[in-house]
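Each chain is listed here by its residues.
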Amino acid sequence: MGGPTRAITLSRTISGLLVDLDYLVVDEKKPVVRLWIREGRESIQVLDENFEPYFYVIPSPEYDLGQLAEEIGGVEYEGVAVKRVETISLREGLDQKPMLKVYTHLPGDVPKLRSAIRHVVGVESVREADIPYVCRYLIDKDLSPSKGVLVHAQSRDGAWWATEDPVNLDSVDSQVVVLAFDIEVYNPHVNTNPDRDPVIMVGVATNTGFETCLKAEADGEKTSDKEVLESFVECVKEVDPDIICGYNSDNYDWPYIIKRAKKNRVELSVGRDGSTPSSKPAGRIRKIKIVGRANVDLYKVVERDLPDVKLKTLENVSEHLGVVKHVERVNIPKDMIWAYWDDPEKRETLRKYSLDDVRSALGLAERLLPLQAEFSQLTHVPLDDIPSMGRGRQVESYLLYEAHRRGIVAPNRRGVESPTTYKGGFVLTPKKGIHEDVVCLDFASMYPNIMLSYNISPDTFCPNCGDDEAYVAPEVGYKFRKSPRGFFSDILANLIEKRAEMKAQLRSMSPESSAYKTLQVKQQALKTLTNSFYGYMGWQVARWYQLECAEATTAWGRHTIKNVIQKARDMGIEVLYGDTDSLFCKNSPKVEVFVREVNREYPLELEYKGVYRSIFFTSKKKRYAGLLDDGTIDIKGFEVQRGDWSELAKEVQEKVISHILVDKSPRKAVEYVRRVVEELRDRRVPLEKLVIYKTLTKSLKDYKSKQAHVIVAEKLSDMGYVVEAGSKIAFVVTRGQGKMSENAEPIETAKLEEVDTNYYIENQVIPTAHRILEHFGYTPEDYRGTGKQATLTSFM
DNA sequence: TGGACCCAAGGCCAT
DNA sequence: TGATGGCCTTGGGTCCAG
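Reading the values: the criteria
- Residues numbered from 1 in each chain as written.
- Chains lettered and ligands numbered in written order.
- Predicted model: local features only at pLDDT ≥ 70, side-chain atom pairs only at ≥ 80, totals over all residues.
- Heavy atoms only, no water.
- Helix = DSSP H or I, 4+ residues; strand = E, 2+ residues; numbered from the N terminus.
- Near = heavy atom within 4 Å.
- Polar contact = N/O pair within 3.5 Å; in protein donor to acceptor, adjacent residues only side chain to side chain.
- Domains from an automatic or database assignment.
- Contact = heavy atoms within 4.5 Å.
- Buried area = accessible area lost by both parts, 1.4 Å probe.
- Pairing = 2+ DSSP bridges.
- Axes fitted to C-alpha atoms, helices over the stretch in contact; angles between N-to-C directions.
- Salt bridge = Lys/Arg side-chain N within 4 Å of Asp/Glu carboxyl O.
- Buried < 20%, exposed > 50% of the residue type's maximum accessible area, 1.4 Å probe, protein only.
- Parallel < 35°, antiparallel > 145°, perpendicular 65-115°, else oblique.
- Left-handed = near helix turned anticlockwise from the far one by under 90°.
- Nonpolar A, V, L, I, M, F, W, Y, C, P; charged D, E, K, R; others polar.

**Digging into unusual backbone geometry**
Phi is mostly negative for residues that are not glycine, and the peptide bonds are mostly trans.
Part 1: Here the residue pair Ser483 and Pro484 is connected by a cis peptide bond, since its omega of 0° sits within 30 degrees of zero.
Part 2: One non-glycine residue with positive phi stands out, namely Asp142, at about 55°.
Part 3: Residue position: Asp142 is located in the loop between α3 (133-140) and β9 (148-156).
Part 4: A positive phi angle, close to 65°, is found at Thr580, a residue other than glycine.
Part 5: Residue placement: Thr580 occurs in the loop between β25 (575-579) and β26 (582-586).

Shown next, in the form of structure tokens:
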């Protein structure tokens, strides 16, 4: 006391999981990266001021580099100046080139200076000026989000500042905290309107075992949601989750809560720095950001990663993943939620319903997040951004990281040019009929392995190479240097090798162990990434787009499968069907020899995929049904597999196939179809089985032809529903004059009495059944059930 | 005016 | 905002017989 005060500097080492990161600008002159780290039970923010924004300039070959550096160093544009310029050497393609590294003061200066410098004389091109600052930071510091990080920090001004570059940690014992939430809204009108309808419940569940349903204050007629929103904020602060999940939360729950909070003057301070969620456009869609936490909309994950679930409601997906079974959950019609709220006796049921929803969401999170986190680690992209990224952008993020490590300067994103297309895989017309004992063979990861084997990569493409120093693609004649190994081939080699190691390791582990499951997910992510490279090369807006590479890859694919089919036939093996990388052969001892020889002759691996006790082909490609060894039925391409046919039609087709393959009785199948037709005539079929779902792929005004789902969507829109690109439209066909589309009714208003049973008989049940049964000599008359005609046709 | 015929639009699936 | 190959239904047009 009384003596001179001495600043005490505390320092500590933080090791934990890198949850999220962003940056601030301090004093309008300096960017500071904020790392949000989960260390054990604690969440810590570490600031890093040691990273300057920059981009590259490639000089014109004839221009003096020193002079250009000086000129660019003096560039000032819209009050923004270049900070400094360095000369460096980087690779473009296979060539090492001198370039300029242009530093700026702030991240926001980069795009401004790019547009000014692009036009400076002597500048050939400006590169990597469109990489967001935070991504740049992760790439340059070799850090991965959703992975361990170790950082030494000192305290200053009440915060922790990194004293050295943070480094990767392979294992951390931090348990991330996941919070799932789901809101229920008072909805006496058809649609919900945040200006009018309050939030009545917020279900919250966490992976730490906490669970609650926050309820609004029901005060007689007037319901206030001020308190429920405040409790939600308190709840988030209390739990302090690293990840917040919802189902369709970016498009519904968050925007709704944000509007209600504004209306009620509630401070929605759920960010780790006390900030409120921000809504920023990410491409065409909206993305909600919460500071210090990863905000994950599970619907987006499901949309991209679960194509097998045709109708992506929370209930359906949760049923499909075995998270919360339909029979175990409280089911309330969505449009009756308000009534359950109003009735004090039913309110408890609504509470349970809300809890079931949020448990489903949490269950989905637990099932889906590990893979997303793996992608986040692999591609060096914050978990937050993973769900809204397509495969192309994931590949690109990974490539940017790998390019930096190799001293390669990335090409710029391309603009949209005139669309070009190229030839793809070869499909063999199947030999129609039922075949017994058929073996299915396929080339493992055919395209990646072709790219690897023939060194196909944008930087090895070499039109002027001699034939001896290059691999020459069949049909198209494109050449690729045999050495050195290309950028893509090198990456693929690493990915494939890494995955092979993991698979070997998995074989020695117990499938029940959690380590097995973790490794399984890692392996899965590597596979998906590896398989996305071919498509990436043919993606027209890709930085590393190279049409010739994509063309050569498919050309080698066609060449291989055609030759292999020929070889099998030459050996006396009957080949029944093949598609791109697979072939179906009549089983015989020769097959084993054939596979061995193919694997010796080609730089690819031909594998056994399965044996069918019997398999059925029509003469159409991409459609078959087979009974596998283990008794399961494998159906491809047929309507059963499709989301745009009525449940009834799909069920009929599936049973027909089963009668054919398992019972070997087309007669039973026909009798069954006839019974269904009769039931339909008598209207003894539940309405739900008649619903047809079709997706609106663009906005209503853009349709040239008015098909059923478009007309139904227009009706729904008039009724106040939100219909937009991506909406699934559910309708049934009712009786009436004229076009089918004009008689389609939204399921919301449809009644069984009005259903056009004839449409379902003639356009749903009979065509799908006949697609199979026509190959057994039946005619459509045979299903219609009038005994006379059946006899007549069989007589004739 | 209705039916036969053809083609494009549209959606979804196989690989 | 990874790729091409493929199947099928419906709408929307033309042509033609009656």
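**Remarks on the protein's contact with DNA strand B**
Part 1: Not every one of the 22 residues close to DNA strand B is listed here, only the nearest: Asp581, Gly637, Thr695, Thr697 and Tyr703.
Part 2: The sugar-phosphate backbone supplies 84% of the atoms of DNA strand B found within 4 Å of the protein.
Part 3: Taking Lys310, its side chain carries an N or O atom lying 2.8 Å from a phosphate oxygen of DNA strand B.
Part 4: At 3.0 Å, a side-chain N or O of Arg642 approaches a sugar or linking oxygen of DNA strand B.

**Section: the domain arrangement of chain A**
Part 1: Domain assignment breaks chain A into domain 1 (1-175), domain 2 (178-379), domain 3 (427-628) and domain 4 (637-795).
Part 2: Its C-alpha centre places domain 3 at a distance of 37 Å from the equivalent point of domain 4.
Part 3: Counting from both sides, the interface comprises 14 residues of domain 3 and, opposite them, 13 residues of domain 4.
Part 4: Here domain 3 and domain 4 share an interface that buries about 1100 Å² over both sides, 69% of which is from carbon and sulfur atoms.
Part 5: The three residues of domain 3 that bury the most area against domain 4 are Ile434, Phe616 and Arg623, which together make up 50% of that side's buried surface.

**Section: the sheet that holds strand β29 (residues 633-636)**
Part 1: The seven strands lie next to each other as β21-β25-β26-β22-β27-β28-β29, forming an open sheet whose pairing is antiparallel. Edge positions in the sheet fall to β21 (427-428) and β29, since each of these pairs with one other strand and no more.
Part 2: Pairing analysis gives four bridges linking strand β28 (residues 624-628) to β29, with the strands arranged antiparallel. When the sheet's bridge partners are listed, Ala625 is paired in β29 with Ile635.
Part 3: Its contacts with the sheet place helix α16 (residues 589-601) against β22 (433-443), β26 and β27 (606-617), and it is angled at close to 140° to β27.

**Overview of the pairing of strand β1 (residues 11-26)**
Part 1: Bridge count between β1 and β9: seven bridges; the pairing is antiparallel. Pairing of Ser15 across the sheet is with Leu150, part of β9.
Part 2: With nine bridges connecting them, β1 and strand β2 (residues 30-39) associate as antiparallel partners. Paired with Tyr23 across the bridge in β2 is Val33.
Part 3: Connecting the antiparallel pair β1 and β2 is a turn made up of three residues, with Asp27 showing a positive phi of about 55°.

**Regarding the pattern of salt bridges**
Part 1: Across all of its chains, the model carries 63 salt bridges by this definition.
Part 2: Its salt-bridge partner being Arg272, residue Asp242 comes within 2.8 Å of it at the nearest N-O pair. With Asp242 in the loop between α4 (226-239) and β17 (243-246) and Arg272 in the loop between α5 (249-263) and β18 (278-282), this residue pair connects regions lying 30 residues apart in the sequence. Residues Asp242 and Arg272 agree in their burial class; the two are buried.
Part 3: Residue Arg413 is joined to Glu396 by a salt bridge in which the shortest nitrogen-to-oxygen separation is 3.0 Å. Here Arg413, found in the loop between α10 (391-405) and β21, pairs with Glu396, found in helix α10; they are 17 residues apart in sequence, far enough to count as distant.
Part 4: By sharing partners, the salt bridges in this structure join Arg38, Asp240, Asp242, Arg272 and Arg293 into a single network.

**Topic: the packing of helix α12 (residues 487-507) against helix α13 (residues 514-531)**
Part 1: Direction vectors running N to C along α12 and α13 enclose 155°, while the axes themselves pass 10 Å from each other. If you check the angle between α12 and α13, you find them roughly antiparallel. Where α12 crosses over α13, the handedness of that crossing is left-handed. From α12, Leu492, Leu495, Ile496, Lys498, Arg499, Met502, Lys503, Gln505 and Leu506 reach across to α13, where they touch Tyr516, Leu519, Gln520, Lys522, Gln523, Leu526, Lys527, Leu529 and Thr530.
Part 2: In the contact of α12 with α13, the residues fall into nine nonpolar, four polar and five charged.

**With respect to the sheet that holds strand β14 (residues 211-215)**
Part 1: An order of β14-β13-β12-β17-β20 is seen for the five strands of this open sheet, with the pairing classed as mixed. Bordering the open sheet on either side are β14 and β20 (294-297), each of which pairs with just one other strand. In this sheet, adjacent strand axes meet at a mean angle of 20° when their direction is disregarded.
Part 2: Here strand β12 (residues 178-185) runs beside β17; their pairing, made up of three bridges, is parallel. The residue bridging Ala180 from the neighbouring strand is Cys245, located in β17.

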